[in-house]
Structures are given as C-alpha cells and as structure tokens.
Amino acid sequence: MTSPALLAILDDEARIERAHKDLIDLTRESLKRAAFAFKVGCDRIAEQLIDVALCLDTAEDQLGIDGENYIDAAEAFVSAGLSIIDAHLDAVRIEARIRGVHA
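Quick look at the overall build of the protein chain
On a plain count of helices and strands, the protein chain comes out with 3 helices and 0 strands. Scored against the burial criterion, the 103 residues of the protein chain give a buried share of 31%. Look at the contacts in the protein chain between residues 6 or more apart in sequence, and 72% of them connect residues 24 or more apart. Carbon and sulfur atoms make up 57% of the accessible area of the protein chain, which totals about 6,500 Å².

Listed below in structure tokens is the structure:
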C-alpha cells in the first residue's frame, strides 16, 4: 500500500512534468503565432505574443529551479498564456481575412 505522503509527492512530480511540457509547448505556439501576426501585418500583436513567449519561457525556467514550490504559479502561467494567445489569434485571424492573407 502506498502512503498518502508518497502519493502527494508523485502527484506533485506529475504536475511539474505536465506544467513543464505545457510551458514549453505554449512558448513555441506563441512564437509561431507571432510569426503569423507579422505576416498579416499585425506588428503590435506579434510583439505582444513575443512578450508572452518570454514570460512563459521564464516561468518554465523558474519551475525548473523551484519545482513544487512554483507549481501553482506555473499552472497559472499556462492558463493565462492559453487565454492570451487564443485572444490574440482571434484578432489576427480577423485581420488576415480583411487583408486577404492566408496562413
């Protein structure tokens, strides 16, 4: 039988691993969408998406340093990053349709 303390440690390790992967994936996605925004001509949005990528990358670094002490913050960065990236993508897609630019 596994002790509750060991289960909590294993759960924290799984959360850290998941957040680490999510932060890396979101950083890449934000940069990819920034490139699309530049292509469309939405320079300001592209710059904001690069800033988001930098924040996510910094959060991923901090998670590597602080581990379980940073997990809640890392998960908050993932959630916020998803929301911000999606909102910016919607704006870029609208602008792309207006300008007739294809992905």
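Topic: the side chain of threonine 27
With respect to the helices and strands, threonine 27 occurs in helix α1 (residues 4–40). When residues no more than four places from it in sequence are discounted, the contact partners of threonine 27 are Ala53, Leu56 and Asp57.

Here's the deal with helix α2 (residues 43–66)
The terminal C-alpha atoms of α2, which comprises 24 residues, lie 34 Å apart, in line with the 34 Å expected from a rise of 1.5 Å per residue. Residues of α2 that are buried: Ile45, Ala46, Leu49, Val52, Ala53, Leu56, Ala59, Glu60 and Leu63. The first or second residue beyond α2 is glycine 67, which carries a positive phi of 55°.

Some words on the pattern of salt bridges
When the charged atoms of two side chains lie near each other, side chains of opposite charge can form a pair. Within the structure shown, the criterion is met by 9 salt bridges. In this structure, the salt-bridge partner of aspartate 12 is arginine 15, at a minimum N-O distance of 3.8 Å. Linking aspartate 12 with arginine 15, this pair stays in helix α1, spanning 3 residues, or about one helical turn. By relative accessible area, aspartate 12 is classed as partly exposed at 21%. For arginine 15, a relative accessible area of 17% translates into the label buried. Here glutamate 75 and arginine 15 are joined by a salt bridge, their closest N and O atoms 2.7 Å apart. Taken together, the positions of glutamate 75 in helix α3 (residues 71–99) and arginine 15 in helix α1 put the pair 60 residues apart, joining distant regions of the chain. The class for glutamate 75 is partly exposed, based on a relative accessible area of 27%.

Procedures and definitions
- Residues numbered from 1 in each chain as written.
- Predicted model: local features only at pLDDT ≥ 70, side-chain atom pairs only at ≥ 80, totals over all residues.
- Heavy atoms only, no water.
- Helix = DSSP H or I, 4+ residues; strand = E, 2+ residues; numbered from the N terminus.
- Buried < 20%, exposed > 50% of the residue type's maximum accessible area, 1.4 Å probe, protein only.
- Contact = heavy atoms within 4.5 Å.
- Areas by Shrake-Rupley, 256 points an atom, 1.4 Å probe, with all protein chains shown as cover.
- Expected span 1.5 Å × (residues − 1).
- Salt bridge = Lys/Arg side-chain N within 4 Å of Asp/Glu carboxyl O.

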